[in-house]
Amino acid sequence: MSSTRRLFGTDGIRGTANRAPMDAMTALRLGQAAGRYFNRGTYRHRVVIGKDTRLSGYMLEPALTAGFVGAGMDVVLVGPLPTPAIALLTRSLRADLGVMISASHNPFEDNGIKLFGPDGLKLTDEQECEIEALMAGDLAAALVPAGRLGRASRMEDAPGRYIEAAKQSFPRGHTLEGLRIVVDCAHGAGYKVAPTVLWELGAEVVSIGVAPDGFNINRGVGSTAPGQLSELVRERRADLGIALDGDADRVVLVDEQGQVIDGDQILALIARSWHAQGTLRGGAVVATVMSNMGLERFLGQRGLKLLRTSVGDRYVGERMREEGCNLGGEQSGHMIMPDFGTTGDGLIAALQVLAVLVEEKRPASEVLRCFTPLPQRLVNVRYAGASPLGEDSVKAAIAAEEAALGARGRVLIRASGTEPVIRVMAEAEEESLVDATVSRLADTIRAKARAA
């Protein structure tokens, strides 16, 4: 079997819609290969397929369905639902595989395919390698005789199952009555279920980003563009703003003053709350190399550790299982809480924050300012062709900046796993030092990318 992944990145397969690898032919072969990989018994095998609201979902969904049906698997189609709902349904329905068609926070032109195993967890690197190897070979062996073809059906009550699961994550006996909440669903997968959950728990709900048209997902709304949400929170004098991304597996919050709260502060608040209740396990929180050193210090003051992983919520989840932790996430807003689900869930994370607001009866601007972050700056440098990180001059420049910072801060340079971008980040006590470090490194990488 192949030991490298060419199709799969840090979060499934992703690309421009109707161009390889995000075209109907690749989706068909993926369905056939994954169907063969998970078709390991004489019982009727089942796969759950969900999607976000992108136009290209109408192309990829039937192509995947054809592949799975041809491989002898029954397909359950649930339509637009958050990624965590697909993970939940995969386990709940005792399915062999779950599939989410989404490119998360990317614009509508992109799409992606994420796979979940029967345990509701994202596939491992090794599993993805094996599926890629099958796709690269002769898939004739994956095609079953006519009498063993699968069937496809739609599950009408799938949204209701997720809505009830999300409500169950909110502490029993608590209510959101008296709170005004603005929720931004990014015209994405959470556009129906998120406002419903908040309203049924008692909140006065103001919704934006709930009119998807196939093209407007993440456009000027959602967790990567919270400006409109901030304005509306102030205008409506709301208690909290919640911004989901296109597949609702990540969240950023906005306090009553319109200030944006990132994933690091959310992790800090939930960790503080759970630690006080005695429900935080593992004596640690798992986050990525991107998380602010301020979070690490905040946890350390409470006798807790911050365990860092590579960027990607899948790696966070894997480390959590290794260490026995029940809280982890990313600065970008992925929050993994295995007490409630197997993958990042923006809505359920927001509900954990709302529970603290209800208990403490203090404004979000006070509750959600757990620590003062160290100055941190991130710049994205796009490139074409080979990654400039392999160039000796770039390596030397990075090493020089690391040496200059020493113990005063850190530098993090990495290639995105989902797009041709180099992410350049620095963090230190002094903002001017951070800005100068990032600017020099970004200029060096940008110049090398142009010269390539």
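These numbers come from a predicted model, not from an experiment.

Peer 1: Tell me about the sheet that holds strand β17 (residues 376-382), and please be specific about residues and values.
Peer 2: If you walk across this open sheet you meet the 3 strands as β17-β19-β18, and the pairing is antiparallel. Of all strands in the sheet, those with a lone pairing partner are β17 and β18 (409-415), marking the two edges. Strand-to-strand, the axes of this sheet are offset by a mean angle of 10°, without reference to chain direction. As paired strands, β17 and strand β19 (residues 421-428) are joined by 7 bridges and run antiparallel to one another. Within β19, the residue paired with Q376 across the bridge is E427.

Peer 1: Can you lay out the UniProt feature "domain: Alpha-D-phosphohexomutase alpha/beta/alpha" (unreviewed entry) in the chain for me, pointing to particular residues and giving the numbers?
Peer 2: Taking the numbering used here, the UniProt-annotated feature "domain: Alpha-D-phosphohexomutase alpha/beta/alpha" (unreviewed entry) corresponds to residues 5-136, 161-258 and 262-369. The span residues 161-258 is 26% helix and 19% strand, and its two end C-alpha atoms sit 33 Å from each other. Taken end to end, residues 262-369 comprises 49% helix and 13% strand; its first and last C-alpha atoms sit 10 Å apart.

Peer 1: Hey, could you go over the sheet that holds strand β2 (residues 12-16) for me, with residue numbers and the actual values?
Peer 2: What the 7 strands build is an open sheet, ordered β1-β2-β6-β5-β3-β4-β7; its pairing is mixed. Where the open sheet ends on each side, the last strands, each with one partner, are β1 (8-9) and β7 (152-154). Alignment of strand β4 (residues 73-80) against β7, held across 3 bridges, turns out to be parallel. When the bridges of β7 are listed, V75 appears paired with A152.

Rules behind the numbers
- Residues numbered from 1 in each chain as written.
- Predicted model: local features only at pLDDT ≥ 70, side-chain atom pairs only at ≥ 80, totals over all residues.
- Heavy atoms only, no water.
- Pairing = 2+ DSSP bridges.
- Helix = DSSP H or I, 4+ residues; strand = E, 2+ residues; numbered from the N terminus.
- Axes fitted to C-alpha atoms, helices over the stretch in contact; angles between N-to-C directions.
- UniProt positions renumbered as here; feature names shortened; annotations may be inferred.

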